[in-house]
Protein chains: 2
Amino acid sequence: MNQQEAEQILKEKHIQATRQRITILEYFLEHKVHPGIEEVYEALADRPEKISKATVYNTVNLFEKHGLLKALDVGEAYCHYDVDMDRHGHFHCVHCGKIWNIPYDPEVEKNLPPGFEVLDEQVLVKGLCPECASENSERLS
Amino acid sequence: MNQQEAEQILKEKHIQATRQRITILEYFLEHKVHPGIEEVYEALADRPEKISKATVYNTVNLFEKHGLLKALDVGEAYCHYDVDMDRHGHFHCVHCGKIWNIPYDPEVEKNLPPGFEVLDEQVLVKGLCPECASENSERLS
DNA sequence: GTGTCTGCAAACGATTTGCAAATTA
DNA sequence: TAATTTGCAAATCGTTTGCAGACAC
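The following refers to the structure shown. Since this is a predicted model, take the numbers as computed values, not measurements.

Calculation notes
Within each chain, residues carry numbers counting from 1 in the order of the written sequence. To label them, take the chains in the order written and letter them from A, then take the ligands in the order written and number them from 1. Side-chain atom pairs in this predicted model are given and counted only at pLDDT of 80 or more, local residue features only at pLDDT of at least 70, and totals for whole chains, interfaces and linings cover all residues. In computing side-chain values, all of the structure's heavy atoms are included and hydrogens and water are not. Numbering goes from the N terminus for both helices and strands, where a helix is a DSSP run of H or I of at least four residues and a strand is a run of E of at least two. Exposure categories follow from relative accessible area, calculated using a 1.4 Å probe and restricted to protein chains: below 20% of the type maximum is buried, above 50% is exposed, and the middle band is partly exposed. Two residues form a contact once any of their heavy atoms are found within 4.5 Å. Under this rule, positive means Lys or Arg and negative means Asp or Glu; His and the chain ends count for nothing. To locate a charge, the coordinates of NZ of Lys, CZ of Arg, CG of Asp or CD of Glu are taken. The copies were overlaid by least squares, fitting only the C-alpha atoms of residues that reach a pLDDT of 70 or more in each copy. Accessible-area loss on putting two parts together, using a 1.4 Å probe and summing over both, is the definition of buried area adopted here. Criterion for a salt bridge: a side-chain nitrogen of Lys or Arg within 4 Å of a carboxyl oxygen of Asp or Glu. A 3.5 Å cut-off defines polar contacts: any pair of N or O atoms within that distance qualifies, except that in protein one atom must be a possible hydrogen donor and the other a possible acceptor, and neighbouring residues in sequence count only when both atoms are side-chain atoms. Proximity is defined per residue: if any heavy atom of the residue lies within 4 Å of a molecule or strand, that residue is considered near it. Three categories are distinguished: nonpolar for Ala, Val, Leu, Ile, Met, Phe, Trp, Tyr, Cys and Pro, charged for Asp, Glu, Lys and Arg, and polar for the others, with Gly belonging to the last. Lines fitted to C-alpha atoms define the axes here, with helix axes fitted over just the stretch in contact, and angles between the N-to-C directions of these axes take values from 0 to 180 degrees. An angle counts as roughly parallel when it lies under 35 degrees, as roughly antiparallel when it exceeds 145, as roughly perpendicular when it falls between 65 and 115, and as oblique in every other case. By convention the crossing between two helices is left-handed if the near helix lies anticlockwise of the far one by an angle smaller than a right angle, and right-handed if it lies clockwise.

**Describing the overall build of chain A**
On a plain count of helices and strands, chain A comes out with five helices and five strands. When the helices and strands of chain A are listed from N to C terminus, the series reads α-α-α-α-β-β-β-β-β-α. Its C-alpha atoms give chain A principal-axis dimensions of about 55 × 45 × 25 Å. Across the 141 residues of chain A, 40% fall into the buried class. Sequence-distant contacts in chain A: of pairs separated by 6 or more residues, those separated by 24 or more amount to 46%. When the 15 basic and 25 acidic side-chain charges of chain A are each reduced to a single mean position, those positions are 4 Å apart.

Structural data, given as structure tokens:
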């Protein structure tokens, strides 16, 4: 089902729908929780249609250029990617490393001096997720 | 003047005030507009007290750990650093690469589900600065 | 004097790239 | 068949690290 959806999306964007590109986009559609390159590569390694890491990199860059994905850099060594293009921010737990989507109000642009043209905005909050926060307070008590 | 200020700050933070650390912190205090490692290194290369790039890296990491600086990743290959620890966001011009400080209202936390503990937040807007935006519209007309 | 910091060069790790073989239309 | 894409391995580049000598206290 996602296979066909992925192929359809690629055709709409006028991106040649190769086996590898369909598989990678399908993976992103099924795993919207911000995978990294390594994660995509590992996940697809055991499939019959083997995909090299260079292809994962090139494909993800291509997708980003066409607006199918957004890079999400939380300060780790590598980058995460996000297929969800709706406006939302991210919460990054500095303890367990998990990333959550969070809502935020559209107020950034109203504070911008005139003349600036907005193309994209990112809101990133770092801290402790509920689980890690409670672990932490237990340790202290 | 900044020399003494830098030394003072280091002592307050209980960081051993070496010649290199004072020089690097002094540079950041004089250049708050988000320098990168390379920029700091190049700027201090002609000074009598030569500073290796490894030391710039180690020192900046040390400063960050002690809360003197914040890393600012706008998606370029390398990182920028910001000594201004007051709450503010950044505007990154994707055309000329310049970075501006911008204000934003504190509304992120109120949208956060309960249990999340905030340590830091970053607001990054990408787009065209007034200069590049007008250049761009001229080209189109 | 003793422990910490610096500089150098080598190591590292994520990402990109050149090119021949494979795949797509 | 012609043009594009893939896979591999090598290259790239920002950053980290090991270690001997230099410096701070």
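Alright, that's what it looks like, and here's the rest.
**A word on the relation of the copies chain B and chain A**
For these two chains of identical sequence, chain B goes onto chain A by a turn of 180° and a shift of 0.0 Å along the axis, with RMSD 0.0 Å. Taken together, the rotation angle and the small translation identify this as a two-fold axis. Taking the C-alpha atom as reference, chain B places Val123(B) closest to the rotation axis, 2.4 Å from it. Looking at chain B, 100% of its interface residues are interface residues in chain A too, so the copies touch through the same face.

**Here we look at the interface of chain B and chain A**
Counting residues at the interface gives 31 residues for chain B and 31 residues for chain A. Between chain B and chain A lies a buried interface of about 2700 Å² when both sides are counted; carbon and sulfur atoms form 61% of it. It is Phe116(B), Glu117(B) and Gln122(B) in chain B that bury the most area against chain A; as a group they hold 19% of the surface buried on that side. Applying the counting rule to chain B against chain A returns two salt bridges. Put simply, Asp105(A) and Lys110(B) hold a salt bridge, and the shortest N to O gap is 2.9 Å. The interface formed by chain B and chain A includes ten residue pairs in polar contact (both at pLDDT 80 or more).

**With respect to the protein's contact with DNA strand C**
The local shell around DNA strand C holds 17 residues, among which Tyr57(A), Thr18(B), Gln20(B), Lys50(B) and Thr55(B) are the closest. When atoms of DNA strand C within 4 Å of the protein are split into backbone and base, the sugar-phosphate part holds 84%. Note that a phosphate oxygen of DNA strand C is positioned 2.9 Å from one of the side-chain N or O atoms of Asn61(A). Measuring from a sugar or linking oxygen of DNA strand C, one finds a side-chain N or O atom of Gln20(B) at 2.8 Å. Looking at the surface near DNA strand C, the elements with two or more residues in it are helix H4 (53–65) of chain A together with helix H2 (19–30) and helix H4 (53–65) of chain B. Broken down by element, the residue count for the surface near DNA strand C peaks at four residues, all from H4(A).

**A few points about the protein's contact with DNA strand D**
Surrounding DNA strand D, one finds 17 residues, the nearest of these being Thr18(A), Gln20(A), Lys50(A), Thr55(A) and Tyr57(B). Atoms of DNA strand D within 4 Å of the protein: sugar and phosphate make up 83%, bases the balance. Note that a sugar or linking oxygen of DNA strand D is positioned 2.8 Å from one of the side-chain N or O atoms of Gln20(A). One of the backbone N or O atoms of Ser52(A) is found 3.0 Å from a phosphate oxygen in DNA strand D. Within the residue set of the surface near DNA strand D, elements represented by two or more residues are helix H2 (19–30) and H4 of chain A together with H4 of chain B. With four residues, the top contributor of residues to the surface near DNA strand D is H4(B). Partitioning the surface near DNA strand D into residue classes produces seven nonpolar, eight polar and two charged.

**Here's the deal with the packing of H2(A) against helix H3 (residues 37–45) of chain A**
All names here are of chain A. Two elements in contact, H2 and H3, have axes whose closest approach is 11 Å; the angle formed by their N-to-C orientations is 110°. The angle between H2 and H3 falls in the class roughly perpendicular. As H2 packs across H3, the resulting crossing turns out to be right-handed. Facing H2, whose interface residues are Thr23, Ile24, Tyr27 and Phe28, H3 presents Glu39, Val40, Ala43 and Leu44. Taken together, the residues of the contact of H2 with H3 break down into six nonpolar, one polar and one charged.

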